[in-house]
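Residue-level listing of the chains:
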Amino acid sequence: MRDNDVQQFTPTAGFAFNDSNDWLQARAYIIRLQHGDNTNQQTSSNAVELQWTHWYQAQAFLGLDSIGINGVIGERISAVDPDAGEIYSLSDRQNSSISLLMSWQLDDTMEMTALAGYDQYTDFLGNESDTLTEDDYSVFYGYLNFSIQW
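Residues numbered from 1 in each chain as written. Predicted model: local features only at pLDDT ≥ 70, side-chain atom pairs only at ≥ 80, totals over all residues. Heavy atoms only, no water.

## So, the pairing of strand β2 (residues 12–17)
Relative to strand β3 (residues 22–33), β2 runs antiparallel, the two being bridged by six bridges. In the sheet register, Ala-13 faces β3, and the bridge partner there is Ala-26. Hairpin connection from β2 to β3: four residues lie between these consecutive antiparallel strands, with Asn-18 at a positive phi of about 60°. (Pairing = 2+ DSSP bridges. Helix = DSSP H or I, 4+ residues; strand = E, 2+ residues; numbered from the N terminus.)

## Considering the layout of surface pockets
Considered as a void within the structure, the largest pocket measures approximately 570 Å³ in volume. Considering the residues around the largest pocket, the lining is formed by 24 residues, among which Asn-70, Asp-81, Ser-99, Leu-115 and Tyr-141 are closest to the centre. Elements supplying a minimum of two residues to the lining of the largest pocket: β4 (44–55), β5 (66–77), β8 (93–105) and β9 (110–126). Split into classes, the residues belonging to the lining of the largest pocket amount to 11 nonpolar, seven polar and six charged. (1 Å grid on protein atoms, 1.4 Å probe; cavity = no way out; pocket = protein on both sides within 12 Å on 5 of 7 lines; lining within 4 Å. Points joined across faces, edges and corners; volume = space filled by probe spheres on them. Nonpolar A, V, L, I, M, F, W, Y, C, P; charged D, E, K, R; others polar.)

## A few points about unusual backbone geometry
Here the phi dihedral of Asp-19 falls at roughly 55°; this positive angle occurs in a residue that is not glycine. Looking at the secondary structure, you find Asp-19 in the loop between β2 and β3.

## Remarks on the environment of Leu-90
Inspection of the secondary structure puts Leu-90 in the loop between β7 (86–87) and β8. On the basis of relative accessibility, which here comes to 55%, the residue Leu-90 falls in the exposed class. Separated by 12 residues in the primary sequence, Leu-90 and Ser-78 place their C-alpha atoms 6.1 Å from one another. (Buried < 20%, exposed > 50% of the residue type's maximum accessible area, 1.4 Å probe, protein only.)

## As for the pairing of β5
The sheet contact formed by β4 and β5 spans nine bridges and is antiparallel. In the strand pairing of β5, Trp-52 is matched with Ile-69. Of the pairings in the sheet, the one linking β5 to β8 comprises 10 bridges and is antiparallel in character. Within β8, the position partnered with Gly-71 by the bridge is Ile-98.

## Quick notes on the packing of aromatic side chains
Evaluation of the coordinates by the stated rule reveals three aromatic pairs. Considering the side-chain rings of Phe-15 and Phe-17, the 5.7 Å spacing of their centres and the 40° angle between planes classify their relative orientation as tilted. Positioned above the aromatic ring of Tyr-29, the side-chain terminus of Arg-76 is 4.5 Å from the ring centre. (Phe/Tyr/Trp six-rings, centres within 6.5 Å; stacked < 30°, edge-to-face > 60°. Lys NZ or Arg CZ within 6 Å of the ring centre and 35° of its normal.)

## Concerning the side chain of Arg-76
Secondary-structure assignment places Arg-76 in strand β5. Glu-49 provides the closest opposite charge to the buried, salt-bridge-free Arg-76, at an N-O distance of 4.8 Å. A polar contact of 3.2 Å, which involves the side chain of Arg-76, links it to the side chain of Tyr-29. With sequence-adjacent residues up to four places away left out, Arg-76 is seen in contact with Tyr-29, Ile-31, Ser-45, Ala-47, Tyr-88, Asp-92, Arg-93 and Gln-94. (Lys, Arg positive; Asp, Glu negative; His and termini not counted. Salt bridge = Lys/Arg side-chain N within 4 Å of Asp/Glu carboxyl O. Polar contact = N/O pair within 3.5 Å; in protein donor to acceptor, adjacent residues only side chain to side chain. Contact = heavy atoms within 4.5 Å.)

## Focus on the nonpolar core
Counting residues in hydrophobic clusters, the biggest one holds seven residues: Tyr-29, Ile-31, Leu-33, Ala-47, Val-72, Ile-77 and Ala-79. Here this core takes three residues from β3, the largest share from any one element. (Core = buried A, V, L, I, M, F, W, Y, C linked by side-chain atoms within 4.5 Å.)

## Points about the pattern of salt bridges
Once their charged atoms are close, side chains differing in charge can pair, the charge on each being opposite to the other. Counted by the stated rule, this structure contains four salt bridges. The salt bridge involving Arg-27 is made with Glu-49; its shortest N-O contact spans 3.4 Å. Remark: Glu-49 occurs in strand β4 and Arg-27 occurs in strand β3; sequence separation between them is 22 residues. Taking relative accessible area as the criterion, Glu-49 reaches 6% and is therefore assigned buried. Ionic pairing is found between Asp-83 and Arg-27, a salt bridge with its closest N-O pair at 3.0 Å. Here the residue Asp-83 occupies a position in the loop between β6 (80–81) and β7, and Arg-27 occupies one in strand β3, the gap between them amounting to 56 residues. Through salt bridges with shared partners, a single ionic network connects Arg-27, Glu-49 and Asp-83.

Quick look at the structure:
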């Protein structure tokens, strides 16, 4: 398998509204691969990511401090997430994604964050005849963080 150079252009626009209690962001992923040897000859992918976050002025339902939703529509291959600083180095194609983030400010020094999400992918599988077949799979994930500042 040859190395594959990947180029990604990620224009992003966002704005605050509702007295800066809400943040809306849109980001495009325009990705080009040098070759499609390990992606069933696919050499490009395009996706749009939409993100909304709301911060509550007073503790809301269940004591929430903020809530956010994030969704990806389209396809991403070998993408880089500029917010998380994460590189998706697998040749799998991400077909869609949705996640929900909730945050609680427990007091001046303690915060708890919960994240749940769902992603859909296509895996490019090699077989004995050296051709690639496509296999779809899904991932459900959850994350819970508790932090203390001192």
